[in-house]
Amino acid sequence: MTKRNDAPSNPDRRKLITSAAAVLSVAALQTPTAEAKSKSGGTQTGSVDVIVVGAGLSGLTSARELVKKGKSVVVLEARDRVGGRTWTTAVGARRYDLGGQFVGPTQDRIRAMAKEFGLEIKPVFSDAKHIWELGDERVEFEGSVPALSLLQKLDLGHIINKMNALAKRVGPTTPWAVSDAAELDAITLAQWVKENSYKKSSRDFAKVMTRAVLGVDPDEISVLLWSYYVAQGDNIEMLIGGRGGAQDSVIEGGSQQLSLRMAKDLGAAVKLSQPVRRVMHDAAGVTVETDHGNWRGRYVVMAIPPAMNTAITFTPSLTGDRRDLETRAPMGRYAKVVITYEKPFWRELGYAGDVGSLRGPVVASYDDSSNEGPALLGFVGGDDERLWRKLSAPARKAAVLECFARWFGSEALKPLAYEEKDWTVDEWTFGGPTIALPPGVLSRYGAALRQPIGRIHWAGTEAAQRWTGYMDGAIRAGEQAAADLLTRLTK
Ligand SMILES: Cc1cc2nc3c(=O)[nH]c(=O)nc-3n(C[C@H](O)[C@H](O)[C@H](O)COP(=O)(O)OP(=O)(O)OC[C@H]3O[C@@H](n4cnc5c(N)ncnc54)[C@H](O)[C@@H]3O)c2cc1C
């Protein structure tokens, strides 16, 4: 069970808690009767303005914004903890993030929330040598430009510039509306890179990039999806960048603290271990069924990955574009490993700890040292994850440590502790870090990512209009869903 031990520290937050308590007591008064039978036959547990499904960053943000404006909410969460794809947990005697972690310079919403909670955002160590391992070739370099041959650099620069220009044209909000959306959605990123590059190193680069960023190989996603994703995060350099990029900084003490702090403020409104099984909706309201009873609300916010909705029965069923989207929206194949050490031996050898590699299974690594002590982290994504997942636990660990030993020497084989989390086999996420839409989906069904259906609104990072797939996007989408509902609730 996740600990919730943070005390309120500033007057604004105390005000929020007080208003949350007031709203919850009003909600309790509105409860028809604690044991009354609902229309569907289950036990009626309570009645609120808005039911939020999912206590990740997005759902909790929605709930928090609604409570701030005096609305009553309940947040129903399947797991026995809040935070969803953010999870700060024990790695040996220390604590690290096994889910979402990095914060970039233009991720304003997560930065604002961290600041509000008094959490420190610290740059990742990166002022040393970086490693790229493409095929059997290993290149080491300092600064941001990899030590490739002139022709390789020109070729890579060419496709990066071309992709950035395409992303700018497609834009971060309605990629399905560009005139050639169907055309761009009909080809895979792999095809596009092949047609627009001459060097194998550029194609290898694309594979490292999509495995590390989305947990898929370039032949699995459409070029429209990738341009949209790049546009949401500004440009490729920002998406893949360490210092100055999306991997610039981390929240000291772990990202899950944001959700823990929000849940603490929301108090009894957050219900853990309550998987939602059914959502009944009509013109009068919504009834949401969990294993522990039913909740009645005026609206519902579904703050879970699109594919997770397919495990819930909607009555009447979600027909049309939304259902088509959900059944065609796989998550990336993504695992994260954290390895702790006595000392940061890689730094002593002049390395930053970050690597991009195609040799597998670890596709990207970073220095993960914090106040807790020295550590390295790695991602296993795309096809490598599929193969790695099939190994025994000791073989998976050995394969990961082998990567770090290849990069930083045999000291890497003597960790204090090792922990892995394969989100692909997680019951309540189905993969990570986010959806990776294959060709033909975004141009047809993209608008359904955000379009409410009657009293059902969609949040979750996948609904964001900036930084989709990221923690920042989750917060933005949560804020947007709350703002939309506040407009409807005050009509
Ligand atoms: C390994 C990994 C690394 C990542 N790294 C980064 C990073 O460095 N930086 C970054 O910004 N982002 C990163 N991300 C992405 C980031 O974590 C997510 O974008 C963000 O946390 C999503 O939040 P959310 O609230 O939208 O969804 P979630 O966190 O998925 O929350 C949804 C919640 O709904 C619950 N749920 C699902 N089904 C039901 C149901 N039927 N009933 C009730 N509850 C249900 C789930 O248990 C979950 O708690 C990473 C993700 C992963 C997996």
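Each value, and the rule that gives it
Residues numbered from 1 in each chain as written. Predicted model: local features only at pLDDT ≥ 70, side-chain atom pairs only at ≥ 80, totals over all residues. Heavy atoms only, no water. UniProt positions renumbered as here; feature names shortened; annotations may be inferred. Helix = DSSP H or I, 4+ residues; strand = E, 2+ residues; numbered from the N terminus. Contact = heavy atoms within 4.5 Å. Buried < 20%, exposed > 50% of the residue type's maximum accessible area, 1.4 Å probe, protein only. Polar contact = N/O pair within 3.5 Å; in protein donor to acceptor, adjacent residues only side chain to side chain. Domains from an automatic or database assignment. Buried area = accessible area lost by both parts, 1.4 Å probe. Salt bridge = Lys/Arg side-chain N within 4 Å of Asp/Glu carboxyl O. Patch = residues over 30% accessible without salt bridge, like charges linked within 9 Å, V, L, I, M, F, W, Y side chains within 5 Å. Areas by Shrake-Rupley, 256 points an atom, 1.4 Å probe, with all protein chains shown as cover. Phe/Tyr/Trp six-rings, centres within 6.5 Å; stacked < 30°, edge-to-face > 60°.

The protein chain goes by Monooxygenase in an unreviewed UniProt entry, where it is assigned to Stenotrophobium rhamnosiphilum. One UniProt comment on the protein chain, placed under Sequence similarities (unreviewed entry), says "Belongs to the flavin monoamine oxidase family." Looking at the Cofactor (unreviewed entry) heading of the UniProt record, one finds this comment for the protein chain: "FAD".

A short note on the environment of Tyr470
Structurally, the position occupied by Tyr470 is in the loop between strand E20 (456-458) and helix H16 (471-489). In sequence terms Tyr470 and Gly135 are 335 residues apart; their C-alpha atoms lie 29 Å from each other. Excluding anything up to four places from it in sequence, Tyr470 contacts Gln107, Val213, Tyr229, Leu239, Ala246 and Thr461.

What to know about the UniProt feature "binding site: FAD" (unreviewed entry) in the protein chain
On the UniProt side, "binding site: FAD" (unreviewed entry) is annotated at positions that read Ser58, Glu77, Ala78, Val276 and Glu462 here. The topology assignment puts Glu77 in the loop between strand E2 (73-76) and strand E3 (88-91). For Glu77, a relative accessible area of 6% gives the class buried. For Glu77, the contacting residues outside a window of four places in its chain are Gly54, Ala55, Gly56, Lys271, Leu272, Ser273, Gln274 and Pro275. One polar contact links the side chain of Glu77 to the main-chain amide nitrogen of Ala55, over a distance of 2.7 Å. Considering the arrangement of structural elements, one finds Ala78 in the loop between E2 and E3. Leaving out residues up to four positions away in the same chain, Ala78 has contacts with Ser273, Gln274, Pro275 and Trp428.

Focus on the domain arrangement of the protein chain
As far as domains go, the protein chain holds domain 1 (43-85 + 255-330 + 439-489), domain 2 (87-106 + 121-144 + 241-252 + 332-428) and domain 3 (153-207 + 222-235). Its C-alpha centre places domain 1 at a distance of 31 Å from the equivalent point of domain 3. Counting residues at the interface gives 17 residues for domain 1, matched by 17 residues for domain 3. Surface buried jointly by domain 1 and domain 3 totals about 1,400 Å² across both partners, of which 55% is contributed by carbon and sulfur atoms. Area buried by domain 1 at its contact with domain 3 is led by Pro439, Leu442 and Ser443, which between them contribute 39% of it. Remark: the boundary between domain 1 and domain 3 carries one salt bridge. In this structure, Arg466 and Asp234 form a salt bridge, with 2.8 Å as the shortest nitrogen-oxygen distance.

Quick notes on a nonpolar patch on the surface
Together, Leu150, Leu151 and Leu154 make up an exposed nonpolar region whose accessible area comes to about 350 Å². Along the chain, Leu154 turns up in helix H4 (residues 150-170). Taking relative accessible area as the criterion, Leu154 reaches 54% and is therefore assigned exposed.

What to know about the packing of aromatic side chains
Across all of its chains, the model carries 15 aromatic pairs by this definition. Here Phe314 and Trp458 contribute two aromatic rings whose centre-to-centre distance is 6.5 Å and whose plane-to-plane angle is 55 degrees, an arrangement assigned as tilted. With a gap of 144 residues between them, Phe314 in strand E14 (residues 313-315) and Trp458 in strand E20 connect regions that are remote in the sequence. In this pair, the class of Phe314 matches that of Trp458, namely buried. Between Tyr334 and Phe379, the ring centres sit 5.2 Å apart and the planes meet at 10 degrees, which makes this aromatic pair stacked. In this pair, Tyr334 is assigned in strand E15 (residues 334-340) and Phe379 in strand E18 (residues 375-381), connecting sequence segments 45 residues apart. Residue classification places Tyr334 among the buried positions, given a relative accessible area of 10%. Phe379 gets classed as buried once you look at its relative accessible area, which sits at 10%. An aromatic cluster of at least three residues, connected via ring pairs, comprises Trp226, Tyr229, Trp467 and Tyr470.

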